[in-house]
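Structural description and commentary
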Number of protein chains: 2
Amino acid sequence: MGFGRPSQPATTRIATARAGSNIAFIKYWGVGDVTLNLPLNNSISMTLGDLYTTTTVEWLHPRLLGADEVSIDGRVQTGKAAERVVRHLDRIRAQAGSVDRARVVSRNNFPIGSGIASSASGFAALTVAGCAALGVNVERDRLSALARRGSGSAARSIYGGYVEWERGTDDRTSIAHQLYPADHWPLLDIVAVVNAGEKAVSSEDGHRLALSSPFNSARIGTLPAALSEVRAAIATRDLQRMGPIIEQDALAMHAVMMTSSPSLVYWQGGTVDLINAVRRWRTEGILAYFTIDAGPNVHIICEEAQRMPIMERLRALPNIHQIIVSGPGDGPRLLDTHMV
Amino acid sequence: MGFGRPSQPATTRIATARAGSNIAFIKYWGVGDVTLNLPLNNSISMTLGDLYTTTTVEWLHPRLLGADEVSIDGRVQTGKAAERVVRHLDRIRAQAGSVDRARVVSRNNFPIGSGIASSASGFAALTVAGCAALGVNVERDRLSALARRGSGSAARSIYGGYVEWERGTDDRTSIAHQLYPADHWPLLDIVAVVNAGEKAVSSEDGHRLALSSPFNSARIGTLPAALSEVRAAIATRDLQRMGPIIEQDALAMHAVMMTSSPSLVYWQGGTVDLINAVRRWRTEGILAYFTIDAGPNVHIICEEAQRMPIMERLRALPNIHQIIVSGPGDGPRLLDTHMV
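Right, let's walk through the structure included here. (Residues numbered from 1 in each chain as written. Chains lettered and ligands numbered in written order. Predicted model: local features only at pLDDT ≥ 70, side-chain atom pairs only at ≥ 80, totals over all residues. Heavy atoms only, no water.)

**Topic: the overall build of chain A**
Where we set the bar: Strands are runs of DSSP state E lasting at least two residues, helices are runs of H or I lasting at least four, and both sets are numbered from the N terminus onward. For every residue, the accessible area (1.4 Å probe, protein chains only) is compared with the maximum for its type, and the residue is labelled buried under 20%, exposed over 50%, or partly exposed between those bounds. Any two residues having at least one pair of non-hydrogen atoms within 4.5 Å are treated as being in contact. Surface exposure here means Shrake-Rupley accessible area, sampled with a 1.4 Å probe, where a residue is shielded only by the protein chains that are shown. Neither His nor the chain termini are counted; the positive set is Lys and Arg, and the negative set is Asp and Glu. The atoms used to mark charge sites are NZ of Lys, CZ of Arg, CG of Asp and CD of Glu.
Helix and strand counts for chain A stand at nine helices and 14 strands. Within chain A, buried positions represent 55% of all 340 residues. Considering only intrachain contacts with a sequence separation of at least 6, the fraction spanning at least 24 residues in chain A is 77%. Surface accessibility of chain A: about 13,400 Å² in total, with carbon and sulfur atoms responsible for 50%. Distance between charge centres in chain A, computed from 34 positive and 32 negative side chains, equals 3 Å.

Written out as structure tokens, the structure reads:
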């Protein structure tokens, strides 16, 4: 390679970080500024303690590693997935003025193809490990801004517990902050995995279509009141107050998706069966509410007392491939750093 | 009975009328004036030739029949269903200044509980038979206005073929008219019956909730352009032009339903499976588009050449209880009138 810092000694620096995925109660859908990944609206989520990505980043001098290498869940990545990670490595390199190459090894503790979004935890862990290994020492809110550039929802996974991502107006202000730590409210996210297939349209592409829906601006218009209700409901641990708002916003987001051009239907039949089931269960006294990300799986939000009755009912339903449960968790953790 | 016209001889007058149901391409959803049943928007439909209601109305002097009697598909009606018919009989009586009582016998040629809307064909046939039997001789557009009072979409079933219902501003102007007769374009409506159960919320009640959705006014805002496209597509028999518009409006209507307060989810799992299937079939070269009324069943709109490949594919899917096919049909027909 004809560039780099040939006068420096070859160094190898490694860091490993773990970050939780998150489930949004008020969804991020629709990107305003594509380059900076500025969202059209604030969002609120719970960082998941039991569904996480563990990522090791090893920086090497270009003489030792000609190009970035990315492995996710044991598979070497190529094409779009690899390019997305490399673009993020470029952002981390830019922070340190480095031209080193990275060897990235990332593992999700939730099954591949379970339909659980791994980009939030993945880009949060990549940001934390990549920066630490390269000696980029910045405040947490800068990590949130940096993670956002990789994947919008990763901005939230930089914090634990209950988190709000402020839309902001530029790279500096579009960052998340913690509303309450994980131990404030031990909610559960019971994920009913309906379909483990790949999405036809990635959420990265979908975000750009939001503005083409006639419903997008109406949804955005409802959010100040919805965000305020969800913040208040989290503050007072009031699921009955929060539940109807999060169901409404999940349906509203999917309505925006379905009516965008082209129309995006992320649901499968099992998705709607579960929507109807959760609502039926409530009439039977089971306090639980659904939310749905950009995919077919249904996240059932409840408290511990409802875990068993819900698990029993889910097991009795057809077309559910898998059930995964997580409580809230802490922010990213650096497991290991060393310099060789 | 202490009222009536005791000086008149007791007469019995009978008429039988048949009217087709219809499938809307641009949906009627949301009522502005509840008393007059004025809709929030124009709608366009195809009157169905093969799915119809046949209704006999027999008027009798109150001395001979103490109260209206209503039978639908062999079952004597009581409660809300009967009251709704009696209110419509009152409107017909008011046209003639009559106090006679009616014996109404109505039969649908499509299976009870198939989920196919019977109120459009039912109130159209009731209006035509009831007026004819009572000697109320009015223009077709007055019958459309009168039928509208019974059930909004019945205003459209007063005409055959391709029909537009003008929203209008009062009882006189909120009427349907024919765009093209049935033989203009032999489209097919292949109805995939997903669930034959009763709706949890009737569409009559649902119409009143439309204004509570944050998306309602945005949907209404898209309709002038959508109506104009559908009119033009029907004029030129261009299914590829019409199809995307009707899918979009069906999804938009259901989005309004799902985001109203309370939220109405008329879909079942099978509904979404069929949405995805129809779109998949198009990538296989099958020109067909879906629309969905206020219920779980999916109406697949296509031309004759696609009938067989679609039927084969539908038969291979699970969770489809029934498949019913109809082409376009003529307006209501008076089968029989006589005076006893």
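Moving on from the model shown.
**Remarks on the relation of the copies chain A and chain B**
Applied cut-off: Only residues with pLDDT of at least 70 in both copies contribute their C-alpha atoms to the least-squares superposition of the copies.
Expressed as a screw operation, the relation of chain A to chain B combines 0.0 Å of axial shift with a rotation of 180 degrees, fitting to an RMSD of 0.0 Å. Those values place the two copies in the arrangement expected of a two-fold rotation axis. When C-alpha distances to the rotation axis are compared across chain A, the minimum falls at Gly269 of chain A, with a value of 1.8 Å.

**Focus on unusual backbone geometry**
Cis geometry is found at the peptide bond from Ser261 of chain A to Pro262 of chain A, where omega equals 0 degrees. Assignment of secondary structure puts Pro262 of chain A in the loop between helix 7 (239–258) and helix 8 (269–283). In this model, Arg237 of chain A sits at a positive phi of 50 degrees, which is unusual for a non-glycine residue. Look at Asn319 of chain B: it is not a glycine, yet its phi comes out positive at around 65 degrees.

**A few points about the packing of aromatic side chains**
In this description, a pair of aromatic rings is defined by centroid distance and the angle of the planes. Threshold: Between rings of Phe, Tyr and Trp, where Trp is taken as its six-membered ring, a pair exists when centres lie within 6.5 Å; planes separated by under 30 degrees are stacked, by over 60 edge-to-face, and by other angles tilted. Whether a charge lies above a ring is judged from NZ of Lys or CZ of Arg, which has to be within 6 Å of the ring centre and within 35 degrees of the ring normal.
Counted according to the given criterion, the structure contains eight aromatic pairs over all chains. Ring centres 4.8 Å apart and planes at 70 degrees place the aromatic pair Tyr28 of chain B and Trp165 of chain B in the edge-to-face group. Taken as a pair, Tyr28 of chain B in the loop between strand 1 (12–26) and strand 2 (31–33) and Trp165 of chain B in strand 8 (residues 162–165) lie far apart in primary sequence, 137 residues in all. On the basis of relative accessible area, Tyr28 of chain B is assigned to the buried category, the value being 10%. Lying across the ring of Tyr159 of chain A, Arg140 of chain A places its NZ or CZ 5.7 Å from the centre.

**Things to note about the sheet that holds strand 13 (residues 322–326) of chain A**
Residues and elements named next belong to chain A. Where we set the bar: Pairing between two strands requires that DSSP report at least two bridges joining them. To obtain each axis, a line is fitted to C-alpha atoms, and for helices this fit is confined to the stretch in contact; angles are then taken between N-to-C directions over 0 to 180 degrees.
With respect to topology, four strands assemble into an open sheet ordered 11-12-10-13, the strand pairing being antiparallel. Each of the sheet's edge strands pairs with one partner strand only, and the pair in question is strand 11 (288–291) and strand 13. Along the sheet, successive strands turn relative to each other by an average axial angle of 25 degrees, direction set aside. As paired elements, strand 10 (residues 188–193) and strand 12 (residues 298–302) share five bridges and run antiparallel to each other. Looking at strand 12, one finds that Asp189 is bridged to Ile301. Lying on the sheet, helix 8 is in contact with strand 10, strand 11 and strand 12; it crosses strand 11 at an angle near 160 degrees.

**Quick look at empty space enclosed by the protein**
This is how the line gets drawn: Think of a 1 Å grid over the protein atoms and nothing else: a 1.4 Å probe that fits but is trapped marks a cavity, an open set flanked by protein within 12 Å on at least five of seven lines marks a pocket, and residues with an atom within 4 Å of a point count as lining. Grid points are joined across faces, edges and corners, and a volume is the space filled by probe spheres set on the points. Residue polarity is assigned by list, with Asp, Glu, Lys and Arg as charged and Ala, Val, Leu, Ile, Met, Phe, Trp, Tyr, Cys and Pro as nonpolar; anything else, Gly included, falls into the polar class.
Taken as a whole and judged by the stated rule, the model has one cavity of 30 Å³ or more. Estimates place the volume of the largest cavity at around 30 Å³. Residue composition of the lining of the largest cavity, by class: three nonpolar, three polar and one charged.

**Examining the nonpolar core**
The test is simple: Nonpolar cores were defined as sets of buried Ala, Val, Leu, Ile, Met, Phe, Trp, Tyr and Cys residues, with membership established by side-chain atoms within 4.5 Å.
With 49 residues, the main nonpolar core has Trp267 of chain A together with Trp267 of chain B as its most contacted residues. Setting aside chain neighbours within four positions, we find Trp267 of chain A in contact with Leu251, His254, Met258, Val272, Ile275, Ile292, Gly295 and Pro296 of chain A together with Met258, Trp267, Val272 and Asn276 of chain B.

**Focus on the sheet that holds strand 13 (residues 322–326) of chain B**
Residue and element names in this part refer to chain B. Judged by pairing direction, the sheet is antiparallel, and its four strands sit side by side in the order 11-12-10-13 without closing on themselves. On the outer flanks of this sheet lie strand 11 (288–291) and strand 13, each paired with one strand and no other. The average undirected angle you get between the axes of adjacent strands in this sheet is 25 degrees. On top of the sheet, helix 9 (residues 307–315) reaches strand 10 (188–193), strand 11, strand 12 (298–302) and strand 13; it is set at about 5 degrees to strand 10, its chief contact.

**A few points about the pairing of strand 4 (residues 43–60) of chain A**
All names here are of chain A. Taken across its 18 residues, strand 4 has 14 buried, putting it largely inside the fold. Looking at chain direction, strand 4 and strand 8 (residues 162–165) are connected through four bridges and run antiparallel. Across the sheet, residue Ser43 finds its bridge partner in strand 8, namely Trp165. In this sheet, strand 7 (residues 101–108) lies alongside strand 4 in antiparallel orientation, the contact comprising eight bridges. Counted as the bridge partner of Trp59 is Ala102 from strand 7.

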